[in-house]
Structure formats: C-alpha cells, structure tokens
Amino acid sequence: MDFRFGDGRDWFFEKRFGLFLHWGIYAIDAWHEQMQYSKQVPRKVYEQLIHKFNPVRFDPDSWLDIAEEAGMEYVCFTTKHIDGFCMFDTKYTDYNIMNTPYGKDILGMLTDACHRRGFPVCLYYNAVNLHHPNYPNQGRTYELPAPEEGDEPDIGRYMDFLRDQVAELCTNYGEIKGFWWDTGDVPGYRDESINEMIRRLQPNAVINNRGFGEGDFGTPERDWDEFVEKDQVFSKPTEACQSIGYESWGYREDEDFYSDRYLSESIDKVLAKGGNYLLNVGPKADGTFPEEACRILRTLGGWYRKVRVSLNDVDTVIGLVSDSNIIITRKENKLFVHLNKFPAAGCVWLNSIDIMPQKAVLLNNGEALEARVELTPSHNNKDKKCLRIRNLPVNDYPNEVMIIELEFEELP
Ligand code: GLC
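Caption draft 1: Geometry of the site of the ligand. For the ligand, the full set of nearby residues is Phe20, His22, Glu33, Gln34, His81, Tyr124, Trp180, Asp182, Arg210, Glu221, Cys241 and Trp249. One of the side-chain nitrogen or oxygen atoms of His22 is found 2.6 Å away from an oxygen atom of the ligand. The separation between an oxygen atom of the ligand and a polar side-chain atom of Glu221 is 2.8 Å. Summarising the interface, the protein chains cover 92% of the accessible area of the ligand, which totals 310 Å² for the free molecule. Each residue belonging to the shell around the ligand can be placed in one class, and the counts come to five nonpolar, three polar and four charged.

If you want it as structure tokens, here you go:
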C-alpha cells in the first residue's frame with residue numbers, strides 16, 4: 001500500500017520506526033503514568049511530586065544515541081499526561097517543569113537535540129486534566145470522580161486553555177512533525193478547528209486519531225486491535241504503539257518486559273503490513289533509561305538494522321503463501337519472506353512461484369540458503385511445482401524474526 005498525503009507530512013512514510021517516551025513527575029513514584037487516577041492518589045498529595053522532580057542525569061543526546069542504535073528514526077514525547085503536569089515551559093499554568101527543582105524546559109532541550117540530529121519530533125498531549133480547575137472532571141475513565149473544592153468546571157474555558165497550550169507547543173519548539181492526541185474522546189467534545197490550527201502552525205505535522213477531530217492515522221495499541229493481526233495489509237495510515245514494559249508506559253520500578261521475540265514479531269508484522277511502529281520507553285526520574293530498556297532497544301536494533309531492507313520502501317504481497325504465519329514484501333525484483341511466527345520447520349514453500357531465484361539469502365546472517373523448484377509430496381498438487389527454500393537454521397534464531405531475501409531475474 002503506497003500511502004501519500006502529497007505534502008510535508010509524507011516524512012511519516014519514510015521514517016517508520018519511532019521512539020515513544022512517557023515521562024513526567026509520575027516517574028518518581030515509579031508505578032504507572034496514570035497513578036493519580038488508578039491508585040486514586042488525592043490531588044494535593046500527587047501534586048507534591050512537583051517539588052521533587054529533579055532529573056539531573058537527563059541528557060537528550062544519550063536518549064537519541066540509544067534510539068539510533070535501535071534503528072529508530074523519530075521521537076514522540078509526552079508533553080502532558082492526564083495529571084495535567086506540563087513537561088514544557090507554559091504561560092498558562094504554573095504546574096510545569098519550570099517550577100520543579102530542575103527548572104529547565106525539558107521539551108526545549110529534547111526538541112533542540114532532535115532538530116540538531118535530524119529526528120522528527122511528535123508531541124503527545126493528553127486531553128484529560130486532573131489538575132486544571134476548569135476541566136469538567138465527572139468520574140469518566142481517567143477522570144477524578146467529581147470536581148473538587150475550588151474547581152470551576154467549564155469545558156469552554158478549559159478548551160481555551162487547551163488551545164492556548166497547543167498553540168504554544170506548535171510555536172515555541174521549532175518544527176513539529178506530529179501531534180499525538182490522547183483520550184480526546186473522554187471530555188465528549190468534537191471540534192475540527194483545533195487540528196486545523198495545528199495544520200496552520202505546523203503544516204508538516206501528522207495528527208493522530210485520538211483528538212477532537214479526525215486526524216491522519218490510526219493508533220492500534222499493544223495487541224488490542226484484532227485487525228493488526230488479521231489484515232494482510234493495512235488499508236489506512238497506521239502507527240501501532242507498544243510499550244516495552246508489560247504494565248506501564250511511564251517508568252515502573254518492578255516492571256516486567258516483553259520478550260525480544262514478541263517485540264521482533266510485533267515490529268515485523270506492523271512494518272511489513274505497511275504501518276509505522278512506535279515503541280515506548282518510560283525514563284526514570286533521574287532522566288536515564290532503565291537498563292533493561294537499553295538492552296532491549298540495542299538487541300532489537302541489531303536485528304532491525306539487518307532486516308530493514310525488507311521493511312522499508314517495500315510493498316506487501318498477498319497470495320504467494322498459504323501459511324498465514326508468513327508475510328511477504330516486495331521491492332522491484334526482490335521478495336522478502338518474513339517468518340513472522342516461530343517456524344514449525346526449517347522450510348518455506350512459495351506455492352505460486354515456480355521459478356528459481358538468482359539469490360536466496362537469510363538477512364539475519366547474510367548467508368545463502370538452498371532453493372529448489374519442485375513438487376511437494378504433501379500438497380496434492382500433482383504437476384504444479386513450486387519454490388522451496390530449505391535448511392533454514394530455525395533453531396539459531398529463537399529471539400528474532402527470520403527474513404529471507406529472494407532475488408529474481410524477473411518477477412511477474
Ligand atoms: C494507554 C495508557 C496511556 C498511554 C497510552 C499510549 O492508553 O493508558 O496512559 O499514554 O496507552 O498509547
């Protein structure tokens with residue numbers, strides 16, 4: 001599927017593997033980015049975290065170094081989550097990073113580094129707000145059960161505040177390449193003019209579908225949307241998001257992490273079907289990444305950089321194999337066979353191909369594979385020969401998806 005917007009937003013189809021970052025004062029408690037809501041921490045208690053946030057080891061370049069090692073090419077950062085705390089310098093609330101012991105504009109530091117190093121930056125902004133007096137908290141998902149003393153619920157005034165903040169974000173940080181709304185459905189408010197403002201201020205920004213208007217791309221999360229598995233190719237621009245931590249997006253002290261194999265399959269599946277992939281890390285309160293996150297990103301990067309040729313700038317091909325665990329992509333006269341699920345045996349049969357490739361290589365190790373065109377004994381297809389790749393070293397790759405490159409003189 002060759003998606004195009006026909007304007008500066010098309011960067012999104014060139015750079016397809018991104019780093020999602022969930023970072024805020026919740027990292028201090030090291031439990032979950034929504035702890036105020038899920039643990040029902042009283043507002044006054046939660047808000048004391050502002051006096052403790054001092055990530056003295058924050059160095060955006062070290063984050064980008066690891067992103068590069070992982071093969072990631074863009075960044076999406078939480079400027080504000082449901083707690084309402086702003087990781088940027090804002091005129092419209094004191095509840096922001098400038099009033100922490102750290103006192104520096106984290107978003108500014110991160111965007112400077114990204115601009116300097118050529119990483120497109122996307123901004124995550126959560127529409128719910130557990131801090132702002134005008135936000136109409138009424139016990140819906142992610143909200144406080146009711147307004148608190150001193151609150152003046154008023155969706156009109158809250159939306160003015162939100163609009164002002166979005167304008168700040170789209171004005172003060174140079175070029176923004178994406179706006180990543182979250183929970184825009186909760187306040188029950190639709191207003192296309194907000195995305196229109198973003199488009200006016202940042203015409204190259206792709207906008208996701210979780211805001212107050214339609215947006216440019218879908219955001220299937222973890223493995224909750226069945227179509228990611230079932231569809232053979234995505235019919236709309238899609239960016240799947242996934243945290244490396246099983247429970248949380250923000251830093252969690254005793255997190256369980258997804259396996260390398262699981263993430264490798266997940267990334268391969270989404271990219272091969274034409275989507276983008278945003279993989280999340282929750283940095284610690286001191287500004288560093290959890291060690292296990294670094295290990296995972298480096299390991300995935302080692303695999304991804306070997307196989308990316310099969311995932312970028314390719315088309316998804318349907319109908320060449322009957323095995324739904326295999327995904328095929330194509331670029332010109334090359335086919336890439338993705339053994340997306342752990343293979344049952346060390347062979348692949350391409351039922352609709354009866355010509356020999358000039359080259360058959362396993363991208364994971366760069367080594368040649370044996371190919372034959374022959375009858376299969378088990379398929380009852382009598383005179384119909386097909387392409388068999390054999391002797392795959394399946395047991396050598398328990399933790400990563402194996403991908404085969406087949407180069408043909410000519411492909412129909
Ligand atoms: C989930 C989490 C939310 C997080 C989001 C990212 O919906 O609940 O906190 O920001 O995923 O997609």
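Following the structure, the description resumes.
Caption draft 2: Expanded view of the pairing of strand β3 (residues 121-126). Within β3, six of the six residues are buried, which leaves it mostly tucked inside the rest of the structure. Burial along β3 is two-sided: the face carrying Val121, Leu123 and Tyr125 and the face carrying Cys122, Tyr124 and Asn126 are both buried. Once the chain exits strand β2 (residues 74-80) it traverses helix α4 (residues 106-117) before rejoining the sheet at β3, and the crossover so formed is right-handed. Here five bridges tie β3 to strand β4 (residues 178-182), and the two strands are oriented parallel to one another. If you follow Asn126 over to β4, its bridge partner there is Asp182. For the segment spanning β3, helix α5 (residues 155-169) and β4, crossover handedness is right-handed.

Caption draft 3: The arrangement of the domain arrangement of the protein in detail. The domains assigned to the protein are domain 1 (8-310) and domain 2 (315-407). Inter-centroid distance (C-alpha atoms) of domain 1 to domain 2 is 38 Å. On the domain 2 side, the residues contacting the 17 residues of domain 1 number 18 residues. A combined buried area of about 1700 Å² lies between domain 1 and domain 2, and 54% of that area is made up of carbon and sulfur atoms. If you sort the residues of domain 1 by the area they bury against domain 2, Arg261, Lys306 and Ser310 come out on top, with a joint share of 34%. On the surface where domain 1 and domain 2 come into contact, there are two salt bridges.

Caption draft 4: Region of interest: the environment of Glu367. If you trace the backbone, Glu367 turns up in strand β13 (residues 367-368). C-alpha of Glu367 to C-alpha of Lys385: the two residues are 18 residues apart in sequence and 25 Å apart in space. Discounting chain neighbours no more than four positions away, the residues touching Glu367 are Ala360, Val361 and Leu362.

Caption draft 5: Broad picture of the packing of α5 against helix α6 (residues 192-201). Axis separation between α5 and α6 bottoms out at 10 Å; the angle between their running directions is 20°. Here α6 runs roughly parallel to α5, going by the angle between their axes. α5 and α6 meet at a crossing whose hand is right-handed. Packed against α5, whose contacting residues are Met159, Leu162, Arg163, Val166 and Ala167, the element α6 presents Ser193, Ile194, Met197, Ile198 and Leu201 at the interface. Here the contact of α5 with α6 is built from residues that sort into eight nonpolar, one polar and one charged.

Caption draft 6: Region of interest: the state of the cysteines. With the rule as written, the count across this model stands at zero disulfides. As a non-bridged cysteine, Cys114 has Cys122 as the owner of its nearest cysteine sulfur, 9.5 Å distant.

Caption draft 7: Representation of the sheet that holds strand β15 (residues 386-390). Read from one edge of the open sheet, three strands run β11-β15-β14, paired in antiparallel fashion. Two strands bound the open sheet, and with one partner strand each, they are β11 (348-350) and β14 (370-374). Strand-to-strand, the axes of this sheet are offset by a mean angle of 25°, without reference to chain direction. Pairing of β14 with β15, which is carried by five bridges, proceeds in the antiparallel orientation. Paired with Arg372 across the bridge in β15 is Arg388.

Caption draft 8: Focus on unusual backbone geometry. If you check the backbone angles, Ala30 has positive phi at about 60° while not being a glycine. Structurally, the position occupied by Ala30 is in the loop between β1 (17-21) and α1 (35-38). Judged by its relative accessible area of 9%, Ala30 falls in the buried class. We note that Glu332 has phi near 50°; this positive angle belongs to a residue other than glycine. Looking at the secondary structure, you find Glu332 in the loop between β9 (326-331) and β10 (334-339).

Caption draft 9: Examining the packing of aromatic side chains more closely. Considering all chains together, one arrives at 31 aromatic pairs under this definition. Ring centres of Phe17 and Tyr304 lie 4.9 Å apart, and the angle between their planes is 70°; this geometry places the pair in the edge-to-face category. Placement of Phe17 in strand β1 and of Tyr304 in helix α9 (residues 291-307) is noted, with a sequence separation of 287 residues between them. Exposure class is identical for Phe17 and Tyr304. Each is buried. With centroids separated by 5.4 Å and ring planes inclined at 65°, the aromatic side chains of Trp23 and Phe53 adopt a geometry described as edge-to-face. With a gap of 30 residues between them, Trp23 in the loop between β1 and α1 and Phe53 in the loop between α2 (43-46) and α3 (60-70) connect regions that are remote in the sequence. No difference in accessibility class separates Trp23 from Phe53, as the two residues are buried. Taken together through their ring pairs, the aromatic side chains of Phe3, Phe5, Trp11, Phe12, Phe13, Tyr74 and Phe217 make up a single cluster. One residue, Arg9, lies across the ring of Phe5, its end atom 4.3 Å from the ring centre.

Cut-offs used in this document
Residues numbered from 1 in each chain as written. Predicted model: local features only at pLDDT ≥ 70, side-chain atom pairs only at ≥ 80, totals over all residues. Heavy atoms only, no water. Near = heavy atom within 4 Å. Polar contact = N/O pair within 3.5 Å; in protein donor to acceptor, adjacent residues only side chain to side chain. Areas by Shrake-Rupley, 256 points an atom, 1.4 Å probe, with all protein chains shown as cover. Nonpolar A, V, L, I, M, F, W, Y, C, P; charged D, E, K, R; others polar. Buried < 20%, exposed > 50% of the residue type's maximum accessible area, 1.4 Å probe, protein only. Helix = DSSP H or I, 4+ residues; strand = E, 2+ residues; numbered from the N terminus. Right-handed = clockwise from strand over helix to strand, strands pointing away. Pairing = 2+ DSSP bridges. Domains from an automatic or database assignment. Contact = heavy atoms within 4.5 Å. Buried area = accessible area lost by both parts, 1.4 Å probe. Salt bridge = Lys/Arg side-chain N within 4 Å of Asp/Glu carboxyl O. Axes fitted to C-alpha atoms, helices over the stretch in contact; angles between N-to-C directions. Parallel < 35°, antiparallel > 145°, perpendicular 65-115°, else oblique. Left-handed = near helix turned anticlockwise from the far one by under 90°. Disulfide = S-S within 2.5 Å. Phe/Tyr/Trp six-rings, centres within 6.5 Å; stacked < 30°, edge-to-face > 60°. Lys NZ or Arg CZ within 6 Å of the ring centre and 35° of its normal.

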